[in-house]
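What follows is the residue order along each chain.
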Amino acid sequence: MTPEEYKQLKAFARIDSALLGVMWIISFACYVIGMSNPMLMMGGLLIAVCSPFFAASRVRKFRDYARDGVLSFKRGMAYTILLFFYAALLFAVAQYVYFEFIDNGHIMNQIASMMNEPQNQKIIEAYGLKQSMDESLKIMSQTRAIDYALNYLSVNLIIGTVLSLPIAAAVKKS
């Protein structure tokens, strides 16, 4: 790969990753708002599940538009990894901003209220999970916003790297 081709690959990956990152941010927003509206939560989960297919379509567009219909497995893999990397960075920044400045304990309150519903209390007590659930809630409430953002960043990078294999294999073309 020449330096110009590498620049082109990174530039296209940044643009496509911005779209993917916005998709993830919308999915997260739907999930958070959906904690009190189940249909919106399902919409957020659906967007998240569709994101690998969206990523594959963007890699296919890169192949057809920028590479004249030819894309090797290695280049497709590099493009997909960069796509997920940049999107994960954007998403981590958005999550940090949310947890640091916007959330104010909303998610914790929603989880606590779900745990305090009578039917959930019966299940928690039946399985003897009361103490561990209380400890988990305490730990979650003490976790810093940057820790949540870095955790999601790590998870998204791992998932993106794993998904890069089948996406690159499906989109490669000689």
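Residues numbered from 1 in each chain as written. Predicted model: local features only at pLDDT ≥ 70, side-chain atom pairs only at ≥ 80, totals over all residues. Heavy atoms only, no water.

Student: Tell me about the pattern of salt bridges, and name the residues and values.
Tutor: Applying the stated criterion across every chain, the model contains six salt bridges. Of the charged contacts in the structure, one is a salt bridge between D147 and R144, with a shortest N-O distance of 3.0 Å. The partly exposed category is assigned to D147, whose relative accessible area is 30%. Because the salt bridges share partners, they merge into one network encompassing E5, R67 and R75. (Salt bridge = Lys/Arg side-chain N within 4 Å of Asp/Glu carboxyl O. Buried < 20%, exposed > 50% of the residue type's maximum accessible area, 1.4 Å probe, protein only.)

Student: Give me the lowdown on unusual backbone geometry, citing residues and values where you can.
Tutor: Here D68, not a glycine, exhibits a phi torsion of approximately 55°, which is positive. Of note, N104 is a non-glycine position whose phi angle comes to about 50°, a positive value. Tracing the backbone shows N104 in the loop between helix 3 (73–102) and helix 4 (106–115). Overall, the relative accessible area of 66% leaves N104 in the exposed class. (Helix = DSSP H or I, 4+ residues; strand = E, 2+ residues; numbered from the N terminus.)

Student: Please provide a residue-by-residue account of the state of the cysteines, values included.
Tutor: One pass over the full model with this rule turns up zero disulfides. With no disulfide of its own, C30 has C50 as its nearest cysteine by sulfur position, at a separation of 12 Å. When its relative accessible area of 14% is taken as the criterion, C30 is described as buried. (Disulfide = S-S within 2.5 Å.)

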